[in-house]
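Spelled out, the chains give:
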Amino acid sequence: MPELLEVAEIAKLLKCNKAFVYKLIKSGHLKGLKLGRMKVSTIELEDFIRRNVGMDLTDLDDVKALEVTR
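This report concerns the structure included in the present document. All residue numbers refer to position in the chain's written sequence, counted from 1. Given that the model is predicted, a residue must reach a pLDDT of at least 70 before its local features are reported, and side-chain atom pairs must reach 80 or more before they are shown or counted; all residues, however, enter totals for whole chains, interfaces and linings. Hydrogens and waters are ignored; side-chain quantities use all the structure's heavy atoms.

With that out of the way, let us pick up the side chain of Glu44. Starting at the N terminus, helices and strands are each numbered in turn, a helix being any DSSP run of H or I of at least four residues and a strand any DSSP run of E of at least two. Turning to its location among the elements, Glu44 is positioned in helix α3 (residues 42–52). Think of it in three bands: residues with accessible area under 20% of the maximum for their type are buried, residues over 50% are exposed, and the middle band is partly exposed, with areas taken using a 1.4 Å probe on protein chains only. What makes Glu44 buried here is its relative accessible area of 11%. In this structure the side chain of Glu44 is engaged in a polar contact, spanning 3.4 Å, whose partner is the side chain of Arg51. Two residues qualify as a contact provided that any one of their heavy atoms is within 4.5 Å of a heavy atom in the partner residue. With near-sequence residues (within four places) excluded, Glu44 lies in contact with His29, Leu30, Lys31 and Arg51. Polar contact is the term for a pair of N or O atoms within 3.5 Å; when the atoms are in protein, one must be able to donate a hydrogen and the other to accept it, and sequence-neighboring residues count only if both atoms are side-chain atoms.

Okay, structure coming up:
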């Protein structure tokens, strides 16, 4: 069953900080829901990960595919 996770929980799962999660939401890369505090559904989190596997999200205004160097 889908759950709503707070930003701190999302940050922990994505191994980043809360400020970056807020940037993802503000830029539209991750869809949030504000019910008192900002929350993200587990469905949206899974979809976000699927959409962005293999992508470089360092610059949220210029998301591009990861460059693989060997």
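What follows covers the pattern of salt bridges. It is possible for side chains bearing opposite charge to pair when their charged atoms get close. For this analysis, a salt bridge means a side-chain nitrogen from Lys or Arg found within 4 Å of a carboxyl oxygen belonging to Asp or Glu. Enumeration according to the criterion identifies four salt bridges in this entry. We note a salt bridge from Glu6 to Arg37, for which the minimum N-O separation is 3.3 Å. You can see Glu6 sitting in strand β1 (residues 4–6) and its partner Arg37 sitting in strand β3 (residues 37–41), a full 31 residues away along the chain. In this structure, the salt-bridge partner of Asp47 is Arg51, at a minimum N-O distance of 2.5 Å. Note that Asp47 and Arg51 are positioned in helix α3 at a spacing of four residues, about one turn of the helix.

That's the geometry; what it means functionally is another story.
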